[in-house]
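A closer look at the structure
Read off the chains here:
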Amino acid sequence: MKWAVDAMLGDVARCMIILGEDVLYRSDYSGVDLARIAREEDRIFLTTSVRRFPNPPDTAYLIIPMSVDSLWDKLRFVKRRFSISFKVENLFSRCILCNTLTTKIFPDKKPAEIPQKVFMEFVLYQCPRCKKIYWKGGHFEHTKKKLLEESILN
Ligand SMILES: [Zn+2]
């Protein structure tokens, strides 16, 4: 599924990208712009307020009520509503900065921005768009554990 996420739900957008979902999130877009792009790109619009969303019948959308206030509750709310599961294998498959799918890279020389230890021990992934390099180190295990504990990951 593809999503467009309201500026009010930045934490949800970021976490859904970490979960490998295709998320359009731009805090500088108006609700009107986001709704239009959601319609054009066949994205489900996640919002906290229907007032930010001009033409509800045109696009699939979900209002996350203000009463659902923790990040984990919001993610579980989205999961339940669409009967979806987030898979471990998709975790950290996208660039957190720009939502692009990353690809494995095998550089001969250590890229300047990463530590030697990481270069020796981890498979590297790179965003083809913004060139940011990722690896599945301690932060990966920590995030995975938390997402499993909170029943976000399946
Ligand atoms: Zn990127």
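Residues numbered from 1 in each chain as written. Predicted model: local features only at pLDDT ≥ 70, side-chain atom pairs only at ≥ 80, totals over all residues.

**What about the overall build of the protein chain?**
So the rule is basically this: Each helix corresponds to a stretch of at least 4 residues labelled H or I by DSSP, and each strand to a stretch of at least 2 residues labelled E; elements are numbered beginning at the N terminus. In this description, a residue-residue contact is defined by the distance between C-beta atoms placed from the backbone, which must lie within 7 Å.
Helix and strand counts for the protein chain come out as 5 helices and 7 strands. For the protein chain, the succession of helices and strands along the chain, N to C, is β-α-β-α-β-β-α-β-α-β-β-α. When its C-alpha atoms are laid out on the principal axes, the protein chain stretches across 50 × 30 × 20 Å. Contacts in the protein chain between residues at least 24 apart in sequence constitute 49% of all its contacts with a sequence separation of at least 6.

**Remarks on the pairing of strand S3 (residues 44–47)**
Here is the rule we go by: We call two strands paired when DSSP finds no fewer than two bridges between them.
When strand S1 (residues 2–5) meets S3, the two strands line up parallel, connected through 3 bridges. When the bridges of S3 are listed, Ala4 appears paired with Phe45. Here S3 pairs with strand S4 (residues 61–63) via 3 bridges, running parallel. By the bridge assignment, Thr47 is partnered in S4 with Ile63.

**Comments concerning the packing of helix H1 (residues 10–18) against helix H3 (residues 71–82)**
When two helices pack together, their arrangement is given by the angle between the helix axes and the distance between those axes. Where we set the bar: Throughout, an axis means a line fitted to C-alpha atoms (over the contacting stretch in the case of helices), and angles, computed between N-to-C directions, take values from 0 to 180 degrees. Whether a crossing is left-handed or right-handed is set by the direction in which the near helix is turned from the far one by less than a right angle, anticlockwise for left-handed and clockwise for right-handed. Here the nonpolar group is Ala, Val, Leu, Ile, Met, Phe, Trp, Tyr, Cys and Pro; Asp, Glu, Lys and Arg are the charged ones; every other residue, Gly included, is treated as polar.
Contact pair H1 / H3: the axes reach a minimum separation of 10 Å and the direction vectors enclose 65°. Note that H1 runs across H3; the crossing there is right-handed. In this structure, H1 uses Asp11, Val12 and Cys15 to contact H3, whose residues at the interface are Leu71, Lys74 and Leu75. Tallied by class, residues from the contact of H1 with H3 come to 4 nonpolar, no polar and 2 charged.

**Let's talk about the pairing of S1**
As paired elements, S1 and strand S2 (residues 22–24) share 3 bridges and run parallel to each other. The residue bridging Trp3 from the neighbouring strand is Val23, located in S2.

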